[in-house]
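# Structural features, examined
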Amino acid sequence: ETLYVELGERTYPIVIGDGVMQQVAALVQDAGISPTSRLFVISDENVSPRYLQPLKQALETAGYRVADCVIPPGEQSKSLAVYEQVLTRAIEAGLDRKSAILALGGGVVGDLAGFVAATYMRGIAFVQVPTTLLAHDSSVGGKVGINHPLGKNLIGAFHQPRLVLYDTAALRTLPEREVAAGFAEVIKHGLIADASFVDWLEEHAASLWQLDAERVGRAIRRGCAIKAAIVSADETEQGQRALLNLGHTFGHAFEALCEYAVLNHGEAISIGMCLAAKVAERIGFAEAGVYARTKRLLHLFHLPTDWPDGLEPEAVLDVMKRDKKAVGGKLALVLPRAIGKVELVKDVDEQEILTAMKKEA
Ligand code: ADP
Ligand code: ZN
């Protein structure tokens, strides 16, 4: 199953399916990367023992020369220090302008490898081989980058992949918590733009949670398609694209205040989406029942919706006001009108937000 994402003048395929990694060589070649090119695979220590050798072998059999670089897992690897180490390896491996970088791993590997590809010799070809569900979100939109000690994702670029190769078989080795986190962004895409997709997620929650290949493939495809439609309507991030921040203003504040330890990204935005629905209902913006249904849906995918322990609502609100999307200190929040429909609401009453955070979550 292939979805074609059209952004700017370039179109690239997202190939999704069980076992598609075996077709990597033909697909890379179809993406315009010839077997005379050197390839450089970036992966992490959890993913590489399982998937790196078969991937390399498939490519080498087709004549590609492949080098690799394995980084430690986790957000800490999205750093200037690791970026420099990877670049050093890339230069030592003799990569040139015709070379391509492959990201084999989750969002961390994708963001870092994409930034290496965007900046190595002013930009070389990039191929994503995501191994997490969450990575479906970063495979559309072209945002790549690393963190600075003073803030997340402060150093980055836009660099579209030539190909995204999504082997759903690789998802089966994911820890359960990562599976849940990945579904948070899938659910988000439904809540933003597609009520019938939400119906479908509710109906098939059990088999999706068991990572049924056909259904998970469909969920990834739908999530990517929704995101692609929003991003291509708004490549400069002025209007529509802001809607993708549903749950994220709250979520980023939780992540920052928990120092990225207690909650992962998917968990933080799960709680955030729930709060957004609660605020929306409180101020009469959303129709009744949106909050309850949002919460139930997140629970079906084993996601948390309760207020994180030890956090003060006032502290969360302060961080939210410093969010890079806040304009002039005024809080703009993406709130649901209904299931499958959200809007950016400027000037949400701070008192309402505080009250929503204070009552039972
Ligand atoms: P994401 O932002 O996509 O959740 P990460 O890159 O932080 O991304 O991945 C989450 C964690 O799961 C990391 O510890 C990573 O090493 C691990 N991981 C990624 N893919 C797999 C997989 N297919 N099987 C097992 N562990 C994986
Ligand atoms: Zn997100």
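Residues numbered from 1 in each chain as written. Chains lettered and ligands numbered in written order. Predicted model: local features only at pLDDT ≥ 70, side-chain atom pairs only at ≥ 80, totals over all residues. Heavy atoms only, no water.

## Observations concerning the pairing of strand β4 (residues 65-71)
In the sheet, strand β3 (residues 38-44) pairs with β4 via 7 bridges, with the strands oriented parallel. Bridged to V41 within β4 is D68. Remark: the β3/helix α2 (residues 48-61)/β4 crossover connection has right-handed handedness. (Pairing = 2+ DSSP bridges. Helix = DSSP H or I, 4+ residues; strand = E, 2+ residues; numbered from the N terminus. Right-handed = clockwise from strand over helix to strand, strands pointing away.)

## Topic: the packing of helix α13 (residues 313-322) against helix α14 (residues 350-358)
When two helices pack together, their arrangement is given by the angle between the helix axes and by the axis-to-axis distance. As a packed pair, α13 and α14 sit with axes 9 Å apart at the nearest point and diverge in direction by 135 degrees. One way to sum up the angle between α13 and α14 is to call them oblique. The handedness of the crossing between α13 and α14 is right-handed. Facing P313, E314, V316, L317, M320 and K321 of α13, the residues of α14 in contact are E350, I353, L354, M357 and K358. Across the contact of α13 with α14, the residue classes break down as 7 nonpolar, no polar and 4 charged. (Axes fitted to C-alpha atoms, helices over the stretch in contact; angles between N-to-C directions. Parallel < 35°, antiparallel > 145°, perpendicular 65-115°, else oblique. Left-handed = near helix turned anticlockwise from the far one by under 90°. Contact = heavy atoms within 4.5 Å. Nonpolar A, V, L, I, M, F, W, Y, C, P; charged D, E, K, R; others polar.)

## What to know about the site of ligand 1
If you check the shell around ligand 1, you find 18 residues, and the closest are D44, G107, T131, T132 and T173. In this structure, a nitrogen atom belonging to ligand 1 sits 2.8 Å away from a side-chain N or O atom of T131. A distance of 2.7 Å is found between a nitrogen atom of ligand 1 and a side-chain nitrogen or oxygen belonging to T173. Taken by itself ligand 1 offers 570 Å² of open surface, and the protein chains cover 86% of this. Taken together, the residues of the shell around ligand 1 sort by class into 9 nonpolar, 6 polar and 3 charged. (Near = heavy atom within 4 Å. Polar contact = N/O pair within 3.5 Å; in protein donor to acceptor, adjacent residues only side chain to side chain. Areas by Shrake-Rupley, 256 points an atom, 1.4 Å probe, with all protein chains shown as cover.)

## Quick word on unusual backbone geometry
A negative phi angle is the norm for most residues apart from glycine, just as the trans form is the norm for most peptide bonds. Of note, the phi angle at L211 is positive, near 60 degrees, even though the residue is not glycine. Note that L211 resides in the loop between α8 (205-209) and α9 (213-232). Phi is positive for H302, close to 60 degrees, though the residue is something other than glycine. Since its relative accessible area comes to 49%, H302 is described here as partly exposed. (Buried < 20%, exposed > 50% of the residue type's maximum accessible area, 1.4 Å probe, protein only.)

## Considerations on the sheet that holds strand β1 (residues 2-7)
Ordered by their spatial adjacency, 7 strands build an open sheet running β1-β2-β9-β6-β5-β3-β4, and the pairing between neighbours is mixed. At either margin of the open sheet sits one strand with a lone partner, and together these are β1 and β4. Taking each pair of neighbouring strands and ignoring which way they run, the sheet shows an average axis angle of 20 degrees. Bridge count between strand β6 (residues 125-130) and strand β9 (residues 163-167): 2 bridges; the pairing is parallel. What sits directly across from V127, in β9, is L163. Contacts from α2 reach β3, β4 and β5 (100-105) within the one sheet, and its direction differs from that of β4 by about 165 degrees. Where helix α4 (residues 107-119) meets the sheet, its contacts fall on β3, β4, β5 and β6, and the angle it forms with β5 comes to roughly 170 degrees.

## Digging into the state of the cysteines
Applying the stated criterion to the full structure yields 0 disulfides. Free cysteine: C274, not disulfide-bonded; nearest cysteine sulfur from C258 at 16 Å. Taking relative accessible area as the criterion, C274 reaches 3% and is therefore assigned buried. (Disulfide = S-S within 2.5 Å.)

## So, the nonpolar core
Counting residues in each nonpolar core, the largest one holds 81 residues, and the members touching the most others are F250 and F254. The leading source of residues in this core is helix α11 (residues 265-282), at 10 residues. Both domains that furnish three or more residues to this core are identified here as domain 1 (2-173) and domain 2 (195-358). Setting aside residues up to four positions removed in sequence, F250 forms contacts with G272, L275, A276, V279, M320, L333, I353 and M357. Ranked by size, the runner-up nonpolar core spans 27 residues in total, among them V20, V24, L55 and L165. (Core = buried A, V, L, I, M, F, W, Y, C linked by side-chain atoms within 4.5 Å. Domains from an automatic or database assignment.)

## Brief notes about the domain arrangement of the protein chain
Partitioning the protein chain into structural domains gives domain 1 (2-173) and domain 2 (195-358). Inter-centroid distance (C-alpha atoms) of domain 1 to domain 2 is 28 Å. The interface of domain 1 with domain 2 comprises 22 residues on the first partner and 18 residues on the second. Where domain 1 abuts domain 2, roughly 1,800 Å² becomes buried across the two surfaces, and 69% of that area is made up of carbon and sulfur atoms. When the buried surface of domain 1 facing domain 2 is broken down by residue, I16, V140 and K152 rank first, second and third, together holding 24% of it. (Buried area = accessible area lost by both parts, 1.4 Å probe.)

## Some words on the packing of aromatic side chains
The full count for this structure, using the stated rule, is 4 aromatic pairs. Here Y83 and F115 contribute two aromatic rings whose centre-to-centre distance is 4.9 Å and whose plane-to-plane angle is 35 degrees, an arrangement assigned as tilted. With Y83 in helix α3 (residues 80-92) and F115 in helix α4, this residue pair connects regions lying 32 residues apart in the sequence. As far as burial versus exposure is concerned, Y83 and F115 are alike and both buried. Ring geometry for F183 against F301: centres 4.7 Å apart, planes inclined by 40 degrees, an arrangement best described as tilted. Note that F183 is positioned in helix α6 (residues 176-193) and F301 in the loop between α12 (290-300) and α13, a separation of 118 residues in sequence. An identical accessibility class is assigned to F183 and F301; each is buried. (Phe/Tyr/Trp six-rings, centres within 6.5 Å; stacked < 30°, edge-to-face > 60°.)

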